[in-house]
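# Understanding the architecture of this molecule
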Amino acid sequence: MNSFRSLSVNLLSYVLEIGYPSYEQEELEKKADYAEKMHNKVASIHKEAEERRAMVEARKGEEMLKAEAMAAKYRATGTVPKKLGFFGC
């Protein structure tokens, strides 16, 4: 994604160097701004997805700890659970 930013900066510096007419220069500046805006949008979407993945992973960890604690309790008391949640009996 860094290539977008470097491309837009290189394109803008090239335009300023060769001296395009103002309307073409404005168009290229808009294009560079739009490319940077899209880059930032994609980055924010990826960040949000990573945060969601982390939350799901944490929830799974908590569920595993809860299940292990219940299993340890049943093993310690020597009883069998009356209702098994995953069988739906």
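Notes on the structure follow.

### Let's talk about the overall build of the protein
Across its full length, the protein carries two helices and zero strands. In the protein, buried positions account for 7% of the 89 residues. Of the roughly 8,000 Å² that the protein leaves accessible, carbon and sulfur atoms contribute 59%.

### Digging into the packing of aromatic side chains
Enumeration over the complete set of coordinates arrives at zero aromatic pairs. Here the basic side chain of K73 rests over the ring of Y74, its NZ or CZ set 5.3 Å away from the ring centre.

### Brief notes about the pattern of salt bridges
Summed over the entire model, instances satisfying the criterion amount to two salt bridges. With its nearest N and O atoms 2.9 Å apart, the salt bridge here joins R52 to E48. In this pair, R52 and E48 are both assigned in helix α2 (residues 22–77), four residues apart and thus about one turn of the helix distant. Assessed through its relative accessible area of 52%, R52 is described here as exposed. Take E48: its relative accessible area is 39%, and that puts it in the partly exposed class. Ionic pairing is found between E50 and R53, a salt bridge with its closest N-O pair at 2.9 Å. You can see E50 and its partner R53 sitting in helix α2, three residues apart, about one turn around the helix.

### Topic: a negative patch on the surface
A cluster of like negative charges, contributed by E26, E27, E29 and D33, occupies part of the molecular surface. Within the secondary structure layout, E29 lies in helix α2. Here E29 falls in the partly exposed class, since its relative accessible area comes to 31%.

### Brief notes about the environment of A71
Following the sequence through the fold, A71 ends up in helix α2. Separated by 10 residues in the primary sequence, A71 and P81 have C-alpha atoms spaced 9.3 Å apart.

Analysis parameters
- Residues numbered from 1 in each chain as written.
- Predicted model: local features only at pLDDT ≥ 70, side-chain atom pairs only at ≥ 80, totals over all residues.
- Heavy atoms only, no water.
- Helix = DSSP H or I, 4+ residues; strand = E, 2+ residues; numbered from the N terminus.
- Buried < 20%, exposed > 50% of the residue type's maximum accessible area, 1.4 Å probe, protein only.
- Areas by Shrake-Rupley, 256 points an atom, 1.4 Å probe, with all protein chains shown as cover.
- Phe/Tyr/Trp six-rings, centres within 6.5 Å; stacked < 30°, edge-to-face > 60°.
- Lys NZ or Arg CZ within 6 Å of the ring centre and 35° of its normal.
- Salt bridge = Lys/Arg side-chain N within 4 Å of Asp/Glu carboxyl O.
- Patch = residues over 30% accessible without salt bridge, like charges linked within 9 Å, V, L, I, M, F, W, Y side chains within 5 Å.
- Lys, Arg positive; Asp, Glu negative; His and termini not counted.
- Charge placed at Lys NZ, Arg CZ, Asp CG, Glu CD.

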